[in-house]
Amino acid sequence: MIEPHFPILTCLILLPLLGCVPFWFMKTSRAIRWWAFVLSLAEMMPGLYLLRFEMGTADFQFVESVPWVTDWGLQYLLGVDGISLFMVALTLLIFPFCVICSWTSIKGRVKEFHVSLFILVSALIGVFSALDLVLFYLFWEAVLIPTYLLIALWGGNGRDQAALKFILYTLAGSALLLVAIIAFRVEGGSYAIPTLMSRSFSFRFQQWMFVIMALAFAVKVPLFPFHSWMPGAYGEAPVAGSIILSAVMAKMGAYGFLRLGLPLTPDAAQYFAPLLIAMSICSILYGGLLAFAQSDLKKIIAYSSLGHMGFVVLGIFLFNLNGVQGALIQMFNHGITTGSLFAVAGFLYSRSGSHNLSRTLGLGKFVPVFMGFWGFFVFAGFAFPGTNNFVGEFLILAGAFERNLWIGALAVPGALLAAAYMLRPTQKMAWGEPATATGWRDMIPREWVSLVPMALLVLYLGLAPTLFLKVINPSLKHMIGALESRGAMTLMVDKNILRTSNNRVPFDGNAGGGGHP
Amino acid sequence: MKTLLLLLILFPLGGAAINGVLGRHLPRRVVEIIACTALLCSLSMAATAIIKIGGESFNFVLFEWFRAGDLSVSMSIHFDALAAIMALMVTFVASIIHLYSVAFMRDDPDFVRYFCYLNLFTFSMLVIALADSLIFVYLGWEGVGFCSYALIGFWYGDPVKATAGKKAFIMTRLGDIGFGVAVALLFTWFGTFSITHINPQAATLSAGSATLLTLLILFAAMGKSAQLPLTTWLPDAMAGPTPVSALIHAATMVTAGVYLLMRLFPVIQQSPQGMLVIACVGAVTAFYASLAALAQRDIKRVLAYSTMSQVGYMILAVGAGDIVGGMFHLLSHAFFKALLFLGAGCVIQALSDEHDIFKMGNLHKYLPGVFWLMLVGALCLSAFPTLGGYFSKDRILLSTFIHPGASYKLFWALGMSAAFLTALYTFRMFFIAFPNRPDGRRSSEVKPIPRFMTLILIPLALFALADGLLNLPFGMGKRWLGHFLASVPGAVVDMNATTGMFLGMAILSASLSLLGIILAWFLYGRPKTVKEPNPHPVLSSAFYLDAAYRLLVVRPYQWAATLLWKKIDEKQLDQNLESFGVSFNAASVVMRLWTTGRLSTYLKAFLVGLVGFLALFVGRVTLW
């Protein structure tokens with residue numbers, strides 16, 4: 001299975017960590033910023049190696065396997081397939097973007113800021129490439145610490161509370177994840193995800209495991225009603241923090257569903273699908289409504305993100321190819337569009353000193369190009385045809401209608417809400433009487449450099465997403481195929497289980513952990 | 001052939017792209033030449049296409065947009081008689097309006113943005129006209145929506161105008177929900193997005209699903225074509241520059257909804273109930289809007305309501321199963337309405353941005369060219385016998401009348417009354433604004449406008465006058481349009497009516513139109529001072545529909561959003577979480593009482609615990 005090859009994933013994880021070392025010898029914040037920028041670009045160079053990814057297979061590629069703690073069966077096991085490849089790519093893409101966006105907005109503790117950012121990126125790549133459950137958990141929790149620091153040290157006025165809420169909420173959500181991992185080891189005999197994927201577990205066990213994992217993932221996404229950490233964290237974080245939280249970290253939850261939830265506990269996933277679909281539809285509609293009521297630009301984007309991620313999770317739990325493909329492409333797209341929106345909001349903040357809409361009125365006259373970019377990403381945000389989000393949302397909705405007319409009919413208004421809540425701030429910002437008339441600068445070169453690639457990606461993925469779909473297709477097809485072949489089986493088993501569980505209710509849950517030698 | 005159609009679509013896009021990227025660095029004249037040349041080239045392509053291909057249908061795929069499993073979306077073209085006529089009309093009217101805009105926008109510093117959007121609009125409209133894949137149609141559909149949004153709010157310095165743009169976009173997007181669901185259902189049932197594949201299979205639809213689809217498509221059309229109840233954005237859309245109102249909000253975009261219904265007519269045909277609803281929406285809107293137009297003072301709002309009403313006729317035609325009649329009226333309406341709007345644009349500019357018809361007058365004296373052009377437009381709009389709008393409206397009314405079903409007689413009556421009202425409100429506007437009257441404008445109050453602005457309207461006026469020749473019910477070239485459209489699925493060339501009916505209907509609608517004009521003459525026509533009337537509140541506010549929306553939809557929506565945010569999100573979800581944290585805190589306070597640090601406390605606690613444990617143990621053993 002494993003041929004000797006360049007350990008690209010390890011390299012990607014280690015490079016940002018090693019890149020932190022020279023910081024200690026740097027004095028000026030200018031040098032630090034430039035080094036961070038160069039390194040973030042350098043990080044993309046080995047990323048190009050990932051282009052050797054072989055299309056048309058569902059296998060894990062670039063696999064690295066080193067025994068770690070052999071007594072406990074721990075392995076250092078990395079690898080990517082079509083699902084995780086794009087998450088790694090997204091992280092690599094967002095990395096330089098974050099560095100540029102915090103060029104002027106971070107004023108104090110520049111060194112520490114970039115160290116946190118580097119560690120965060122390293123951990124994120126780890127999450128998306130780990131194939132060993134313990135390793136996965138390690139990276140998963142490692143993400144929290146730098147994020148906490150980003151919010152707590154460089155955030156806005158309400159940063160302390162927001163950071164505390166963020167870390168406690170997400171820690172509480174993922175606390176039980178470790179239990180699930182150990183249970184998988186006991187039941188399935190391994191920590192390795194590929195091995196576990198070939199096992200089949202009892203329905204009861206799956207139910208417990210799924211609930212535990214879903215809790216962790218739903219908090220991370222976040223899904224309604226587990227979202228209340230989000231407005232604070234997104235709103236108070238520094239620009240780079242908001243970008244990375246919404247663009248990459250929100251995807252950890254969705255990725256968790258795709259990597260662990262569906263393959264390891266397929267029957268339970270199907271059993272709980274209606275609940276998750278309901279939650280995601282609630283997210284779409286609820287997020288859309290709430291975004292309309294906000295007057296803080298970042299909170300508008302935050303709640304819109306709730307709605308968009310609702311679409312993603314909806315797509316995942318439709319269990320058909322269209323839905324899941326749409327979800328995955330939407331994960332990537334949402335990263336690009338929401339990241340860009342947060343970036344523009346940050347640029348605006350550097351001009352107006354406020355995120356409040358009433359301070360940024362009527363800018364169309366003064367910064368036309370700037371507002372043009374904002375408008376572009378706004379239209380991409382509500383899935384205008386020809387932009388990237390259209391492809392994703394369209395596939396998800398097609399999948400929704402394929403599964404059930406009512407699911408589709410309930411999700412479609414989300415598209416209208418998006419237009420309403422995104423055009424409202426655009427209207428105020430671009431048009432009407434300006435609040436302050438002086439001191440506006442249009443786009444500066446640094447902003448051009450950061451936004452143009454994003455805009456090009458929006459158009460490329462909107463008009464020619466075929467390459468993307470080709471890469472993700474085999475892995476997802478494999479996953480859906482596995483789910484469907486089980487679906488036929490479980491239909492029978494399902495009824496049996498329900499009957500037996502009706503007969504003997506108590507204490508069966510314990511057997512899930514211990515029994516079945 | 002492929003190249004021809006491809007160029008037809010791509011010329012305006014190319015124009016928009018060049019101007020969008022380079023326009024800021026080009027001289028004004030070059031930008032204008034690029035924009036207009038793109039349109040004229042496109043027009044010549046459309047004309048060549050209709051000559052070379054004629055009414056035959058012709059399909060091809062431009063390229064595959066994306067493929068995901070069994071779902072394939074491609075940018076594909078379906079050229080048939082309907083598309084040919086539509087494309088020719090769109091490019092013709094758009095070309096005239098581009099040329100007119102050169103003069104109209106001569107003092108506006110933002111001409112690059114203007115021409116860029118205008119070209120982009122034409123591109124999107126051509127996509128709607130020609131696309132085969134419904135997803136590709138949707139691209140055009142949203143594209144025209146975006147351009148409309150951007151152009152209504154073109155003078156964004158004024159918040160009212162900017163808000164009108166947003167309102168139009170969101171309201172039409174409400175209709176798009178219907179489009180989206182309909183497309184999804186069509187795909188679920190037929191496995192394809194292609195109109196050419198869906199239409200032949202339409203007969204396999206069950207009655208219920210056909211009705212559902214029809215209603216959804218109708219809902220989409222209601223948004224785009226400003227039919228009841230989604231009407232209120234159109235009068236506000238008049239905030240845009242007048243050529244934009246002419247192109248987007250009169251001649252082309254608002255007819256996109258009707259066009260979509262015609263494109264998918266085989267599906268709609270499967271559902272008599274659905275067609276009944278369509279006819280009802282059309283007839284009621286035609287009547288409603290012509291009533292509202294009676295009380296408007298803004299010349300552009302009069303024309304906006306008349307557009308709504310005329311599009312209502314087209315919808316009625318589809319509901320009565322007569323797409324030839326609908327298309328006929330769509331064509332003649334495009335010509336005379338563009339003419340009227342552009343004429344109104346001349347007036348508005350000459351009078352320094354005056355929209356109120358009561359503050360006009362004496363225009364016969366000072367703007368004679370515009371006077372005659374507007375007279376032609378007004379006569380066509382009121383369906384003056386033998387002029388353009390007459391034959392098409394007559395045909396729609398006749399096909400409604402002979403359609404089986406008692407309710408169609410009612411729709412016919414509504415249509416007839418609307419025809420009378422149309423003549424009345426059109427000539428109310430005309431007689432108040434144009435003829436000489438003592439309190440009218442003085443020559444010093446009329447600014448000269450470029451001659452070109454009136455000259456360019458002459459072709460439009462000729463087309464508007466002679467449009468009836470396209471589908472004369474008698475004589476040479478009888479029903480040319482009908483025969484041309486015969487290959488379109490569902491088209492009926494000859495109506496199943498007796499000669500007596502033909503004549504009766506012709507005479508009746510002719511006399512109604514004349515009656516309206518005469519009544520308008522008596523009310524407003526005699527040269528005298530026109531005193532400004534108190535506008536009838538119910539009519540001028542269009543039956544308070546806007547206020548109703550604000551009261552029933554907008555307010556509750558804002559209220560619900562704020563309520564959810566403040567009361568549910570912050571009070572409930574967040575507060576509960578907060579209190580969870582607080583209770584932890586409280587628990588730790590209680591716990592702290594134990595940790596005194598004194599050994600005696602710990603020993604006491606240990607003793608209590610031990611005793612409890614032993615008691616439990618003993619008790620359990622005894623009980624067992």
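The shown structure was predicted, so the numbers you read here are calculated from the model rather than taken from an experiment.

## A word on the overall build of chain A
Turning to step 1, where the next piece is worked out: When you go through chain A residue by residue, the secondary structure sums to 22 helices and two strands.
Turning to step 2, where the next piece is worked out: Within chain A, buried positions represent 64% of all 517 residues.
Turning to step 3, where the next piece is worked out: Here the contacts in chain A between residues at least 6 apart in sequence split such that 82% fall between residues at least 24 apart.
Turning to step 4, where the next piece is worked out: A total of about 18000 Å² of accessible surface is found on chain A, and carbon and sulfur atoms cover 67% of it.
Turning to step 5, where the next piece is worked out: The distance from the centre of the 31 positive side-chain charges to the centre of the 23 negative ones in chain A is 9 Å.

## Digging into the overall build of chain B
Turning to step 1, where the next piece is worked out: Tallying secondary structure elements over chain B gives 26 helices and two strands in all.
Turning to step 2, where the next piece is worked out: Judged by the C-alpha coordinates and their principal axes, chain B covers about 115 × 60 × 55 Å.
Turning to step 3, where the next piece is worked out: Split into buried and exposed, the 624 residues of chain B put 59% on the buried side.
Turning to step 4, where the next piece is worked out: Long-range pairs, those at least 24 residues apart, make up 82% of the contacts in chain B with a sequence separation of at least 6.
Turning to step 5, where the next piece is worked out: For chain B, the computed accessible surface area is about 24200 Å², with 70% contributed by carbon and sulfur atoms.

## Things to note about the confidence of the model for chain B
Turning to step 1, where the next piece is worked out: Mean pLDDT for chain B: 86, with 97% of residues reaching 70 or above.
Turning to step 2, where the next piece is worked out: Interface confidence for the predicted complex, given as ipTM, is 0.82, next to a pTM of 0.86.

## Quick notes on the packing of helix H5 (residues 133-142) of chain A against helix H12 (residues 239-264) of chain A
All names here are of chain A.
Turning to step 1, where the next piece is worked out: Two elements in contact, H5 and H12, have axes separated by 13 Å at closest approach and are oriented at 175°. Taken together, the axes of H5 and H12 lie roughly antiparallel to each other. Contact residues: H5 offers Leu133, Phe136 and Trp140, while H12 offers Met252, Gly253, Tyr255 and Leu260.
Turning to step 2, where the next piece is worked out: Of the residues assigned to the contact of H5 with H12, the class counts are six nonpolar, one polar and no charged.

## Remarks on the interface of chain A and chain B
Turning to step 1, where the next piece is worked out: Residue-level contacts link 58 residues of chain A with 48 residues of chain B.
Turning to step 2, where the next piece is worked out: Buried area between chain A and chain B, both sides added, is near 4400 Å², and the carbon and sulfur share of it is 72%.
Turning to step 3, where the next piece is worked out: Counting every contact that joins chain A to chain B gives zero salt bridges.
Turning to step 4, where the next piece is worked out: Summed over the shared surface of chain A and chain B, the number is three residue pairs in polar contact (both at pLDDT 80 or more).
Turning to step 5, where the next piece is worked out: Contributions of two or more residues to the side of chain A that touches chain B are made by helix H7 (159-175), helix H13 (266-293), helix H15 (321-352), helix H16 (368-381), helix H17 (388-403), helix H19 (413-430), helix H20 (445-463) and helix H21 (466-503) of chain A.
Turning to step 6, where the next piece is worked out: Per-element tally for the side of chain A that touches chain B: the top contributor is H19 of chain A, with 10 residues.
Turning to step 7, where the next piece is worked out: For the side of chain A that touches chain B, the class distribution of residues is 39 nonpolar, 14 polar and five charged.

## Concerning the environment of Lys107 of chain A
Residue and element names in this part refer to chain A.
Turning to step 1, where the next piece is worked out: Relative to the assigned elements, Lys107 resides in the loop between helix H3 (82-101) and helix H4 (110-129).
Turning to step 2, where the next piece is worked out: The exposure class of Lys107 is exposed, given its relative accessible area of 69%.
Turning to step 3, where the next piece is worked out: Lys107 sits 47 residues away from Trp154 along the chain, and the two C-alpha atoms are 8.8 Å apart.
Turning to step 4, where the next piece is worked out: A distance of 3.5 Å separates a polar side-chain atom of Lys107 from the backbone oxygen of Thr104.

## A short note on the side chain of Lys165 of chain A
Turning to step 1, where the next piece is worked out: As for its position among the elements, Lys165 of chain A is in helix H7.
Turning to step 2, where the next piece is worked out: A relative accessible area of 18% places Lys165 of chain A in the buried class.
Turning to step 3, where the next piece is worked out: Each residue touching Lys165 of chain A, except ones within four places of it in the same chain, is listed here: Ser228 and Trp229 of chain A together with Asp574, Leu577 and Glu578 of chain B.

## Considerations on the packing of helix H3 (residues 81-104) of chain B against helix H10 (residues 242-251) of chain B
Residues and elements named next belong to chain B.
Turning to step 1, where the next piece is worked out: At a closest axis distance of 9 Å, the pairing of H3 and H10 adopts a crossing angle of 165°. Classified by the interaxial angle, the pair formed by H3 and H10 is roughly antiparallel. You can see that H3 and H10 cross each other, and the crossing is right-handed. Facing H3, whose interface residues are Met89, Val93, Ala94, Ile97, Tyr100, Ser101 and Phe104, H10 presents Thr242, Pro243, Ala246, Leu247 and Ala251.

## Description of the nonpolar core
Turning to step 1, where the next piece is worked out: Formed by 447 residues in total, the largest nonpolar core has its most connected members in Ile243, Leu314, Phe317 and Phe382 of chain A together with Val93 and Leu485 of chain B.
Turning to step 2, where the next piece is worked out: In terms of residue count, helix H15 (residues 323-350) of chain B provides more of this core than any other element does, 19 residues in total.
Turning to step 3, where the next piece is worked out: In this view, Val93 of chain B contacts Leu247, Ala251, Ala334, Phe335 and Ala338 of chain B; residues no more than four positions away in its chain are not counted.
Turning to step 4, where the next piece is worked out: Residues Phe60, Val63, Leu77 and Leu131 of chain A belong to the second largest nonpolar core, which totals five residues.

## A short note on unusual backbone geometry
Turning to step 1, where the next piece is worked out: The amide bond that connects Val221 of chain A to the next residue, Pro222 of chain A, takes the cis arrangement and shows omega of -15°.
Turning to step 2, where the next piece is worked out: Note that Pro222 of chain A resides in the loop between helix H10 (203-220) and helix H11 (230-236).
Turning to step 3, where the next piece is worked out: Put simply, Leu228 of chain B and Pro229 of chain B share a cis peptide bond, and its omega is 0°.
Turning to step 4, where the next piece is worked out: Looking at the secondary structure, you find Pro229 of chain B in the loop between helix H8 (207-225) and helix H9 (233-236).
Turning to step 5, where the next piece is worked out: For Ala383 of chain A, which is not a glycine, the phi torsion comes out positive at approximately 60°.
Turning to step 6, where the next piece is worked out: In this fold, Ala383 of chain A is placed in the loop between H16 and H17.

What counts, and where the lines are drawn
Residues numbered from 1 in each chain as written. Chains lettered and ligands numbered in written order. Predicted model: local features only at pLDDT ≥ 70, side-chain atom pairs only at ≥ 80, totals over all residues. Heavy atoms only, no water. Helix = DSSP H or I, 4+ residues; strand = E, 2+ residues; numbered from the N terminus. Buried < 20%, exposed > 50% of the residue type's maximum accessible area, 1.4 Å probe, protein only. Contact = heavy atoms within 4.5 Å. Areas by Shrake-Rupley, 256 points an atom, 1.4 Å probe, with all protein chains shown as cover. Lys, Arg positive; Asp, Glu negative; His and termini not counted. Charge placed at Lys NZ, Arg CZ, Asp CG, Glu CD. pLDDT = per-residue confidence, 0-100. Axes fitted to C-alpha atoms, helices over the stretch in contact; angles between N-to-C directions. Parallel < 35°, antiparallel > 145°, perpendicular 65-115°, else oblique. Nonpolar A, V, L, I, M, F, W, Y, C, P; charged D, E, K, R; others polar. Buried area = accessible area lost by both parts, 1.4 Å probe. Salt bridge = Lys/Arg side-chain N within 4 Å of Asp/Glu carboxyl O. Polar contact = N/O pair within 3.5 Å; in protein donor to acceptor, adjacent residues only side chain to side chain. Left-handed = near helix turned anticlockwise from the far one by under 90°. Core = buried A, V, L, I, M, F, W, Y, C linked by side-chain atoms within 4.5 Å.

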